[in-house]
Amino acid sequence: MILNEIHWTIVSSTVPIMELFIMGYCLYLFAKPFIESSCVHPLPCTFYKGNNKEKKNKKRTCYVGITYTLTMLILYKIPIHFSTFAAYSIGVFTAFLVMCLIEQRNYEQKIFIVVTFFSLRWFTFAMAEILYDNLYDFLLNTNYMRMHPDMSFVLYVMVCVLYLALEFLFTVIGIQCILKNYAYKVAEMSKKELFILIMPSLMGVVGYELIWYYRNFYISELKKFSEIYDILSLLYYVIAIVMIVVVIVLYQKIKAGQEEKLQNELLAIQMDNIREHIEQVENLYQGIRRIRHDMTNHIMTLERLYARDKQKEAIAYSAELKAALSKVSGNINSGNPVTDVILQEMQCKADKKKIRFDMDFHYPIDSTVNVFDISVILNNALQNALEYTSKSEMAYISIVSYRRNNAYMIEISNCFAGSLQWNTESGLPITSKKQKDHYGQSHGYGLLNIRKVAQKYLGDIVVDLKDGVFCLSILLMMET
């Protein structure tokens, strides 16, 4: 008899501990995509598959679930009384601190993660508890169990295992629904967005507290379960989870609309820049036509000076003529007047910042590549290079292009000091630009726009950061 009681005690005390481990693992699953979507590496995280650095980053993510589980175990074992609500609040708070230490940015999103998980944990616990109570009560009162009371312990163990499995299943389903619909995991979350996203969770927890209080009161008074009340409770918890997902879906759609609108605005700005460059090209041609018109007079003047043996005056006049030609046409000849103007403008900006500008760029003349697409690449890439080149006496920007058969490669590099945060989904750095939209969000679409152009020509881009040199490689596949 005593041994039987020990068995019951062991199982009843083991189930809450197993529940804590399950919830710690679920929190890890929930936080993992958000944290691992942006990591700090000298190269994009996608380049480290199978590498020790990726494993290290995954281990850091595990600390979130481990910290939560250990905190809850300590609170469960210490002799100080904590309410369940307070204990789980402390648990998610410690997990929040660990996430902030792992990734020191986007704190609003981390608040969203812990608040959503906190509410999801209560909903799935309540659903599993209701099913456990009703199933155990039903099976315990069957004729078979009345005739085999010795099977009560086995039934208890089976129902406890089922309870843990249901709680894990419900939690994972809820997490997967949220993660599947939450597309912008790397995007900065504003305080207004945080407020909107956590409202269903907070309201759901308030409803849970009221429903659970009256359920326990009903059971303690009548010593039985209310099937209708439990069914309505289950329906409420399902609706609460659905509402969290629905709000996230609506938020993502609004976010996508904002992103598309901002991209269109940036594209419009780039088109205006291209029009400006085209106007500069037209002015360039007008200046060249004026010089060509006067070229006969210039040649005649030089001939007279040489005929009169005035070599010094002829040399001086020739130098002035060369300077005028250089001023009009510029000293860059890339093979296209539009790219000439862009490179000339970028070179002037680099000179003002005392940055050496090395150029060996040649436009692919005999190809189907659109000059507008090349302009988008040059404008975005060189503007980023000008902005992020480290300030030093050896500061430089280099742009090189070359062609192998139908493969056209552009490489733009510059000296860079510091480290970058990488988006593992896109393999690109997370921008530090503060390009603000109407909602106060920061964006950077330079590399994304370049990638979009490259993919249009069945190519792609690669970003590399090594030994203080940031290098952007753009591959375009051309039809020959």
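Since we're looking at a predicted model, the values are computed, not measured.

## As for the overall build of the protein chain
Here comes step 1: Broken down by element type, the protein chain carries twelve helices and ten strands.
Here comes step 2: Total accessible area on the protein chain stands at roughly 26600 Å², and carbon and sulfur atoms take up 63% of it.

## Things to note about the sheet that holds strand β10 (residues 469–477)
Here comes step 1: Overall, mixed pairing links the five strands, which are arranged β2-β3-β4-β10-β9 in an open sheet. In this open sheet, the two strands that pair with only one neighbour each are β2 (356–360) and β9 (460–466). Strand-to-strand twist across the sheet, computed as the mean angle between neighbouring axes with direction ignored, equals 10 degrees.
Here comes step 2: Relative to β10, β9 runs antiparallel, the two being bridged by seven bridges. Within β10, the residue paired with Ile-461 across the bridge is Ile-474.
Here comes step 3: Sitting on the sheet, helix α10 (residues 337–352) touches β2 and β3 (396–404), and the angle it makes with β2 is about 155 degrees.
Here comes step 4: The sheet strands contacting helix α12 (residues 446–456) are β9 and β10, and the helix crosses β9 at an angle near 135 degrees.

## Thoughts on the packing of α10 against helix α11 (residues 371–388)
Here comes step 1: Viewed as axis vectors pointing N to C, α10 and α11 meet at an angle of 5 degrees, and their least axial separation amounts to 10 Å. Relative to α11, the element α10 is oriented roughly parallel. Side by side, α10 and α11 meet where Val-338, Thr-339, Ile-342, Leu-343, Met-346, Lys-349 and Ala-350 of the first sit next to Val-371, Ile-374, Ser-375, Leu-378, Asn-379, Leu-382, Gln-383 and Leu-386 of the second.

## A closer look at the confidence of the model for the protein chain
Here comes step 1: Summing up the model confidence of the protein chain, the mean pLDDT is 80 and the portion of residues at 70 or higher is 80%.
Here comes step 2: The low-confidence segment residues 40–54, where pLDDT is below 50, has 31 contacts with residues more than four positions distant or belonging to other chains.
Here comes step 3: Note that residues 434–444 has pLDDT below 50 and, in this model, 24 contacts with residues that lie over four places away or in other chains.

## Considering the nonpolar core
Here comes step 1: If you look at the biggest cluster of nonpolar residues, it comprises 71 residues, and the most contacted ones within it are Val-64, Tyr-68, Phe-112 and Tyr-237.
Here comes step 2: Counting residues per element, the ones that place at least two in this core are α1 (2–36), α2 (52–77), α3 (84–102), α4 (107–140), α6 (152–181), α7 (191–222) and α8 (227–307).
Here comes step 3: A per-element tally of this core places α4 first, with 16 residues.
Here comes step 4: Those residues in contact with Val-64, other than ones at most four positions away along the chain, are Leu-27, Ala-31, Ile-35, Ala-95, Val-98, Met-99 and Ile-102.
Here comes step 5: Counting 43 residues, the second-largest nonpolar core is a separate cluster that includes Tyr-363, Val-376, Val-453 and Leu-465.

## A few points about the packing of α4 against α6
Here comes step 1: The contact between α4 and α6 brings their axes to 9 Å, and the two run at 150 degrees. Viewed along their axes, α4 and α6 adopt a mutual orientation that is roughly antiparallel. The interaxial crossing formed by α4 with α6 has right-handed handedness.
Here comes step 2: When the residues that make up the contact of α4 with α6 are grouped by side-chain class, the tally is 20 nonpolar, five polar and three charged.

## Looking at the pattern of salt bridges
Here comes step 1: Within this structure, the stated rule accounts for twelve salt bridges.
Here comes step 2: Where Arg-105 meets Glu-188, a salt bridge forms, and the shortest distance between an N and an O atom there is 3.0 Å. Residue Arg-105 is found in the loop between α3 and α4, and its partner Glu-188 is found in the loop between α6 and α7; the two are separated by 83 residues along the sequence.
Here comes step 3: Arg-105 gets classed as buried once you look at its relative accessible area, which sits at 9%.
Here comes step 4: Among the residues examined, Glu-188 registers a relative accessible area of 27% and is labelled partly exposed.
Here comes step 5: The shortest N-O distance in the salt bridge between Lys-456 and Asp-373 comes to 2.9 Å. Of this pair, Lys-456 sits in helix α12 while Asp-373 sits in helix α11, and the two are 83 residues apart along the sequence.
Here comes step 6: Connected via shared salt-bridge partners are Glu-103, Arg-105, Lys-110 and Glu-188.

## As for the pairing of β3
Here comes step 1: By the bridge criterion, five bridges tie β2 to β3 in an arrangement that is parallel. Following the sheet pairing, Met-359 is matched in β3 by Ile-399.
Here comes step 2: Traced from β2 through α11 to β3, the parallel crossover comes out left-handed.
Here comes step 3: Of the pairings in the sheet, the one linking β3 to strand β4 (residues 407–415) comprises eight bridges and is antiparallel in character. Counted as the bridge partner of Tyr-402 is Met-409 from β4.
Here comes step 4: The turn joining β3 and β4, which pair antiparallel and follow one another in sequence, is formed by two residues; a positive phi near 55 degrees is taken by Asn-405.

## Notes on the environment of Leu-235
Here comes step 1: The residue Leu-235 is located in helix α8 in this model.
Here comes step 2: Relative accessible area serves as the criterion here: at 47%, Leu-235 is assigned to the partly exposed category.
Here comes step 3: With 108 residues separating them in the primary sequence, Leu-235 and Met-127 have C-alpha atoms 9.2 Å apart.

## Observations regarding α4
Here comes step 1: With 34 residues, α4 should reach 50 Å at 1.5 Å per residue; the first-to-last C-alpha distance of 49 Å fits that figure.
Here comes step 2: With 25 of its 34 residues buried, α4 lies for the most part within the structure.

## Some points on the packing of aromatic side chains
Here comes step 1: Tallied over the full model, the rule gives 26 aromatic pairs.
Here comes step 2: When the ring of Tyr-136 is compared with that of Tyr-156, the centres are 6.1 Å apart and the planes differ by 65 degrees; the resulting orientation is edge-to-face. A residue pair is termed long-range when its members are at least 10 positions apart, and Tyr-136 in helix α4 and Tyr-156 in helix α6 qualify at 20 residues. Here the two residues Tyr-136 and Tyr-156 agree in accessibility, since each one is buried.
Here comes step 3: Ring pairing ties together the aromatic residues Phe-85, Tyr-88, Phe-118, Trp-122, Phe-123, Phe-125, Tyr-208, Trp-212, Tyr-236 and Tyr-237, which thus form one cluster.
Here comes step 4: The residue whose ring lies beneath Arg-121 is Tyr-88, and the NZ or CZ to ring-centre distance is 3.9 Å.
Here comes step 5: Over the ring of Trp-122 we find Arg-121, and its NZ or CZ is 4.6 Å from the ring centre.

Calculation notes
- Residues numbered from 1 in each chain as written.
- Predicted model: local features only at pLDDT ≥ 70, side-chain atom pairs only at ≥ 80, totals over all residues.
- Heavy atoms only, no water.
- Helix = DSSP H or I, 4+ residues; strand = E, 2+ residues; numbered from the N terminus.
- Areas by Shrake-Rupley, 256 points an atom, 1.4 Å probe, with all protein chains shown as cover.
- Pairing = 2+ DSSP bridges.
- Axes fitted to C-alpha atoms, helices over the stretch in contact; angles between N-to-C directions.
- Contact = heavy atoms within 4.5 Å.
- Parallel < 35°, antiparallel > 145°, perpendicular 65-115°, else oblique.
- pLDDT = per-residue confidence, 0-100.
- Core = buried A, V, L, I, M, F, W, Y, C linked by side-chain atoms within 4.5 Å.
- Buried < 20%, exposed > 50% of the residue type's maximum accessible area, 1.4 Å probe, protein only.
- Left-handed = near helix turned anticlockwise from the far one by under 90°.
- Nonpolar A, V, L, I, M, F, W, Y, C, P; charged D, E, K, R; others polar.
- Salt bridge = Lys/Arg side-chain N within 4 Å of Asp/Glu carboxyl O.
- Right-handed = clockwise from strand over helix to strand, strands pointing away.
- Expected span 1.5 Å × (residues − 1).
- Phe/Tyr/Trp six-rings, centres within 6.5 Å; stacked < 30°, edge-to-face > 60°.
- Lys NZ or Arg CZ within 6 Å of the ring centre and 35° of its normal.

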